[in-house]
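Structure assessment
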Amino acid sequence: MPDFPAPHVTQNWQLRKPAARGGGGMVVSQVKAAAEAGALMLEAGGTAADAAVATAFALAALEPWNPGLGGIGFAQAMKPGMTQAETFDFGPISPAGLDPSAYPLTGGMKRDLFPWPEVEGDRNVHGPLSFVVPSAVAGYALLHETHGRLPIRDVLAPAVALARRGLPQDWYTTLKVASSAAVLRLYPESARVYLPNGLPPVPPYQGSPGYFTLGNLPATLERLQQAGLRDLYEGEIAAQIASDVKAIGGFLSAADLAACRARILPSVAVPWRGRS
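Quick summary incoming for the structure in this document. Per chain, residue numbering runs from 1 following the sequence as it is written. pLDDT decides what is reported in this predicted model: residues at 70 or higher carry local features, side-chain atom pairs at 80 or more are listed and counted, and totals for whole chains, interfaces and linings draw on all residues regardless. Based on all heavy atoms of the structure, the side-chain values leave hydrogens and waters out of the count.

Salt bridges are defined as contacts in which a side-chain nitrogen from Lys or Arg sits within 4 Å of a carboxyl oxygen from Asp or Glu. Applying the stated criterion across every chain, the model contains nine salt bridges. Lys32 serves as the salt-bridge partner of Glu36, at 4.0 Å between the closest nitrogen and oxygen. With Glu36 and Lys32 both in helix H1 (residues 32-43) and four residues apart, this pair spans about one turn of that helix. Judged by its relative accessible area of 42%, Glu36 is partly exposed. Throughout, exposure labels follow a simple rule: accessible area from a 1.4 Å probe, protein chains only, divided by the maximum for the residue type, with under 20% read as buried, over 50% as exposed, and the rest as partly exposed. Owing to a relative accessible area of 63%, Lys32 belongs among the exposed residues under this scheme. The closest approach of N and O atoms between Asp89 and Arg263, which form a salt bridge, is 2.9 Å. Residue Asp89 is found in strand E2 (residues 86-90), and its partner Arg263 is found in strand E7 (residues 263-266); the two are separated by 174 residues along the sequence. Helix and strand assignments follow DSSP, with helices taken as H or I runs no shorter than four residues and strands as E runs no shorter than two, numbered in order from the N terminus.

Rendered as structure tokens:
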């Protein structure tokens, strides 16, 4: 007789999505509303760059568990007639004042998404010492300046509307917040936003899920929409970031923000089956 119960295996789901079809371009995102934000740019006569930037900003309001406005990134663009794609590099750069001795190693390896050498207290993963210079907005700005057509105010409009509405309080949000609750509760602001009454938000058993505001995100996006994207590096938002980071003991400074720039590089060709 076989052993009972059988060893537990992770539940497997099979997901199917219908094929998408359309004319005049296509926008793809893990979140439907973000893709719709990009599609609105195409419908308004914008370029693929307008659509990409609109989608990226919309994701800041819809996927806060991913980098958002505080992240980094890369993009590639190739317009008709170009023989080589452009690489938009807005990758990670450490603050100039970073002190490597602030990250003592445990001697083990991290058993997480990235299996790098483990740092005491995971201070390289979360908290005031964990982040690089936030270059994502600088990258989006350069992509828009180079290949965009619509005013940046219009490109940010969907993200502002989504941020004002708030993050859907559905089962997926509950899952994502609950899985990070042990870290979120360590910091007063993240606990205030994501753990009301000390617990993850839970959708109702019946009816439609509600929404909750992601801290100051609506005001931040509105400020970028009105003052321009460089405000995150040289304006009112930059001053607030530098002040907050200093108060919590981080390395990021006003000078780091002011010096942040994205750059355009030639794409790297990789041979494949005799072609590159």
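Moving on, we come to a nonpolar patch on the surface. Grouping into patches uses exposed residues only, defined as over 30% relative accessible area, and leaves out salt-bridged ones; the cut-off is 9 Å for like charges and 5 Å for nonpolar side chains (Val, Leu, Ile, Met, Phe, Trp, Tyr). Using a 1.4 Å probe, accessible areas were evaluated by the Shrake-Rupley method; residue-level cover was limited to the displayed protein chains. Together, Trp13, Leu15, Trp171 and Leu175 give the surface a local cluster of nonpolar side chains, amounting to about 550 Å² of exposed area. Its place among the elements puts Leu175 in helix H5 (residues 171-179). Under the relative-accessibility criterion, Leu175 is labelled partly exposed at 46%.

Among the residues of helix H8 (residues 217-227), those classed as buried are Leu217, Pro218, Thr220, Leu221, Leu224 and Gln225. Down the axis of H8, the sector holding all buried residues measures 165°, keeping them to one side. Buried residues along H8 sit against helix H2 (48-62), helix H4 (152-165), helix H9 (231-234) and helix H10 (236-247). Looking one or two residues beyond H8, the residue adopting positive phi is Gly228, at roughly 100°. Of all possible arcs, the one meant is that of the directions from the helix axis to the C-beta atoms. Only heavy atoms enter the contact rule, under which two residues are in contact if any of them lie within 4.5 Å.

Attention now moves to the side chain of Asp89. Owing to a relative accessible area of 13%, Asp89 belongs among the buried residues under this scheme. Here a polar contact is taken to be a pair of N or O atoms separated by no more than 3.5 Å, where protein atoms must pair a possible hydrogen donor with a possible acceptor and residues adjacent in sequence count only if both atoms sit in side chains. There is a polar contact of 3.0 Å between the side chain of Asp89 and the backbone nitrogen of Gly91.

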